[in-house]
Amino acid sequence: MGSNSSRIGDLPKNEYLKKLSGTESVSENDPFWNQLLSFSFPAPTSSTELKLLEEATISVCRSLVINNPRTGNLGALIKVFLSRTKELKLSAECQNHIFIWQTHNALFIICCLLKVFICEMSEEELQLHFTYEEKSPGSYSSDSEDLLEELLCCLMQLITDIPLLDITYEISVEAVSTMVVFLSCQLFHKEVLRQSISHKYLMRGRCLPYTSKLVKTLLYNFIRQEKPPPPGAHVLSQQSDGGGLLYGLASGVATGLWTVFTLGGVGSKAAATPELSSPLANQSLLLLLVLANLTDAADAPNPYRQAIMSFKNTQDSSPFPSSIPHAFQINFNSLYTALCEQQTSDQATLLLYTLLHQNSNVRTYMLARTDMENLVLPILEILYHVEERNSHHVYMALIILLILTEDDGFNRSIHEVILKNITWYSERVLTEISLGSLLILVVIRTIQYNMTRTRDKYLHTNCLAALANMSAQFRSLHQYAAQRIISLFSLLSKKHNKVLEQATQSLRGSLSSNDVPLPDYAQDLNVIEEVIRMMLEIINSCLTNSLHHNPNLVYALLYKRDLFEQFRTHPSFQDIMQNIDLVITFFSSRLLQAGAELSVERVLEIIKQGAVALPKDRLKKFPELKFKYVEEEQPEEFFIPYVWSLVYNSAVGLYWKPQDIQLFTMDSD
């Protein structure tokens, strides 16, 4: 670091870093800071280089940990940065490249130091390093006690107030990253943190008034997807003052600085992580999710979650209730467009889930859109490629569908949207199909995948709940969708018979040997019968509410009528089989009367005529199938590790040693 270009490998021997971390106190007014901050080494461009930077920084940090109680140099560096940020907005307006460059360098060093400090020590020890003074080891005065809070407030101001220009893009990304690092203490604890210094500063005091402005800015950063400036766009020619300090960036250095911002993050699956087009949008979304999932303070709810729950559309002129704190407005059309376009990433899907589940204004707006296919199709594609997605991403996509299907208007409208040539659906060529039929096909495929691979009851339950919610509004089902509904029932029927046979054989074997423990076939049988019952209820709901709209389902039912025979007298299904049996008998009779050798078209014509002739009062009414998504107790136990796993895998230019991570298992998905 300092007035000459450096390499990462040279950092432990760098004279300026040695002085920063050494035994000598450096006043915040010392010219040394201009020398330290006038560095221009190529930024890391790979995970290997990020690891090297981490290792190089650790040696400096450990020296600083030992000496800072006496020197107070960390506090001096932060004060230098804080004093510079007061003029940052003016510098941006005046295009003062040198000032912004040096200020960025100060923040870059602070972020590197802070990341290692947080990993190496407790929050209490960290706080002491922000309060040490020069006078004597370990002493501090009241005016320095809030230096950490002042740094956080400064970062929030920088993110929200500094205009986003080519020359400020880099420092804006660094500010967001530094806030993520400040909150990263959670990574080094197995348990979810419920009380911490980060809670103390972010949920009360001087940072609190920035809540809504920060959430709004982070959302707009995600919406705008601003790309970094091209290499060399803000490069200065080399120049020096009387002291010989380097104040320019070489074009090669600038290229290196921007290249780091295209990294997918350490630990990502190389094939699954596309190059980031907007590092600022990515970092902003990760920070937003981290803030939204902070646990409530003992005496106050999480204000960032409150802001996310309550913001409104800019088109909404109604006043905010006085009881809603941290409220703001944002352009819902722009937000909707960004969410539709970015669903390839876990974090964008998690944001969509968060907004649909927690913000009723967003949910109402989205359900009223006439182009819901733009949102639903990317979600269906996530589920379709279930083999390539991690389980959390699949769950989020599925729960989003469940939330959407709670609305009857959505369930009706998806059958009115006709799609052509769905290229990613490879099992069969779909030249024309309704969005509703495609949704049914993808959900059924997910169930079948789960039955043969993961065997997760939770996933089964949510898939079936979404189908059940839609069943009363099934309209003009595509013949392939109708076939797949019956095929799924056929698969369940075979599985039921197999488990029943295994249970019978096991029972016979137990009579001859009392020493061998028996598999719990009774539990397996109970689970599969619950699923079969649910499928019968879905079919029954469609027949009861929209028989005349679904001739293809009746056709598929008649074609596989023998499947249902064994369940007619089964005590678990007898009641729900009444309507299905009636429909099969009624239409079979009409087909018999029409004679043999009937074409498919003629059969469908007879079914349509019969649907009109069948008296509706002959079908027994059952309670409407309605399932509502309910978040489990202590959702933070799921969401906080999930969010931090996304940060670990997706954060731009940040590296943590895998062996230090405590919150989640590194080899899990």
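Residues numbered from 1 in each chain as written. Predicted model: local features only at pLDDT ≥ 70, side-chain atom pairs only at ≥ 80, totals over all residues. Heavy atoms only, no water.

The protein chain is annotated in an unreviewed UniProt entry as Dymeclin of Vulpes vulpes. UniProt lists a comment for the protein chain under the heading Sequence similarities (unreviewed entry), and it reads "Belongs to the dymeclin family." (UniProt positions renumbered as here; feature names shortened; annotations may be inferred.)

The next thing to look at is the overall build of the protein chain. The helix and strand tally for the protein chain stands at 28 helices and four strands. Put simply, the protein chain has 669 residues, and 55% of those count as buried. Summarising the internal contacts of the protein chain: among those between residues at least 6 apart in sequence, 74% fall at separations of at least 24. Here the protein chain displays about 29,200 Å² of accessible surface, and carbon together with sulfur accounts for 49% of that area. (Helix = DSSP H or I, 4+ residues; strand = E, 2+ residues; numbered from the N terminus. Buried < 20%, exposed > 50% of the residue type's maximum accessible area, 1.4 Å probe, protein only. Contact = heavy atoms within 4.5 Å. Areas by Shrake-Rupley, 256 points an atom, 1.4 Å probe, with all protein chains shown as cover.)

This part covers the packing of aromatic side chains. Applying the stated rule across the entire model yields 19 aromatic pairs. Ring plane angle 75 degrees and centroid distance 5.4 Å describe the contact between F332 and Y365, whose orientation is recorded as edge-to-face. In this pair, F332 is assigned in helix 15 (residues 332–341) and Y365 in helix 17 (residues 360–368), connecting sequence segments 33 residues apart. Taking the relative accessible area as the measure of exposure, F332 reaches 3% and is therefore buried. Between the aromatic rings of F586 and F587, the centroid separation amounts to 5.1 Å while the plane-to-plane angle is 85 degrees, which identifies the pairing as edge-to-face. Side by side, F586 and F587 carry an identical accessibility label, which is buried. Seen from the ring of F99, R84 lies directly overhead, with NZ or CZ sitting 5.1 Å from the centre. Lying across the ring of Y384, R445 places its NZ or CZ 4.1 Å from the centre. (Phe/Tyr/Trp six-rings, centres within 6.5 Å; stacked < 30°, edge-to-face > 60°. Lys NZ or Arg CZ within 6 Å of the ring centre and 35° of its normal.)

Time to look at the environment of P641. Mapped onto the elements of the fold, P641 is located in helix 28 (residues 636–650). Along the chain, P641 and E191 lie 450 residues apart, while their C-alpha atoms are 9.4 Å from each other.

Core analysis: the largest hydrophobic core is formed by 227 residues, its most contacted members being F81, Y425, L438, I485, F564 and W644. Per element, the largest residue contribution to this core is 14 residues, and it comes from helix 6 (residues 97–120). Those residues in contact with L438, other than ones at most four positions away along the chain, are L377, L380, L419, I422, W424, Y425, L430 and I433. (Core = buried A, V, L, I, M, F, W, Y, C linked by side-chain atoms within 4.5 Å.)

Next up on the list: the environment of L663. In this structure, L663 sits in the segment after helix 28. Under the relative-accessibility criterion, L663 is labelled buried at 9%. For the pair L663 and K190, spaced 473 residues apart in sequence, the C-alpha to C-alpha distance is 4.4 Å. Among all residues touching L663, those that are not within four sequence positions of it are Q186, L187, H189, K190, I640, P641 and W644.

What follows concerns helix 26 (residues 574–594). If you check helix 26, its first and last C-alpha atoms are 30 Å apart, about what 21 residues at 1.5 Å a residue would give, namely 30 Å. Approximately 25 degrees is the largest bend angle found in helix 26, and it occurs at I580. Here helix 26 has its buried residues at I576, M577, N579, I580, L582, V583, I584, F586, F587, S588 and L591. A positive phi of about 100 degrees marks G595, the residue just after helix 26. (Expected span 1.5 Å × (residues − 1). Bend = angle between axes of the 7 residues up to and from the residue.)

This brings us to the packing of helix 6 against helix 9 (residues 169–182). Helix 9 packs onto helix 6 with a crossing angle of 20 degrees between their chain directions and a minimal axis gap of 9 Å. Comparing the axis directions of helix 6 and helix 9 gives the class roughly parallel. Crossing of helix 6 against helix 9: the hand is left-handed. For the pair formed by helix 6 and helix 9, the contact residues are I100, T103, H104, L107, F108, C111, L114, K115 and I118 on the first element and E170, I171, E174, A175, S177, T178, V181 and F182 on the second. Residues that form the contact of helix 6 with helix 9 fall into these classes: ten nonpolar, four polar and three charged. (Axes fitted to C-alpha atoms, helices over the stretch in contact; angles between N-to-C directions. Parallel < 35°, antiparallel > 145°, perpendicular 65-115°, else oblique. Left-handed = near helix turned anticlockwise from the far one by under 90°. Nonpolar A, V, L, I, M, F, W, Y, C, P; charged D, E, K, R; others polar.)

The end-to-end C-alpha distance of helix 28, which contains 15 residues, comes to 20 Å, matching closely the 21 Å that a straight helix rising 1.5 Å per residue would cover. The buried count for helix 28 comes to twelve of 15 residues, which makes it a mostly enclosed element. Of all the positions in helix 28, only E636, F639, I640, P641, Y642, V643, W644, S645, L646, V647, Y648 and S650 are classed as buried. Those residues of helix 28 that are buried are in contact with helix 9, helix 13 (279–292), helix 16 (346–358) and helix 19 (391–404).

Its place among the elements puts S310 in helix 14 (residues 303–310). Residue class for S310 comes out buried when judged on its relative accessible area of 8%. There is a polar contact of 2.8 Å between the side chain of S310 and the backbone oxygen of Q306. Look past the residues within four positions of S310 in its chain and what remains in contact with it is F320, I324, P325, H326, A327, N359 and N361. (Polar contact = N/O pair within 3.5 Å; in protein donor to acceptor, adjacent residues only side chain to side chain.)

A full pass over the atoms with the stated rule returns 19 salt bridges. Across the pair R568 and E565 runs a salt bridge whose closest N-O atoms are separated by 3.0 Å. Assessed through its relative accessible area of 35%, R568 is described here as partly exposed. Because the salt bridges share partners, they merge into one network encompassing R194, E636 and E637. (Salt bridge = Lys/Arg side-chain N within 4 Å of Asp/Glu carboxyl O.)

Located in the positive-phi region is Q95, a residue other than glycine, with phi close to 60 degrees. The residue Q95 is located in the loop between helix 5 (88–93) and helix 6 in this model. The class of Q95 is partly exposed, set by a relative accessible area of 42%. The phi dihedral of S476 is positive, around 45 degrees, even though this residue is not glycine. For S476, the position within the fold is in the loop between helix 22 (457–471) and helix 23 (479–512). For S476, a relative accessible area of 53% corresponds to the exposed category.

Moving on, we get to the confidence of the model for the protein chain. Looking at the protein chain, the pLDDT average stands at 85 and 86% of residues meet or exceed 70. Here residues 134–144 is modelled with pLDDT under 50, and outside its nearest four sequence neighbours on either side it reaches 22 contacts, counting other chains as well. With pLDDT under 50 throughout, residues 235–274 is counted as low confidence; its partners more than four residues away or in other chains account for 86 contacts. (pLDDT = per-residue confidence, 0-100.)

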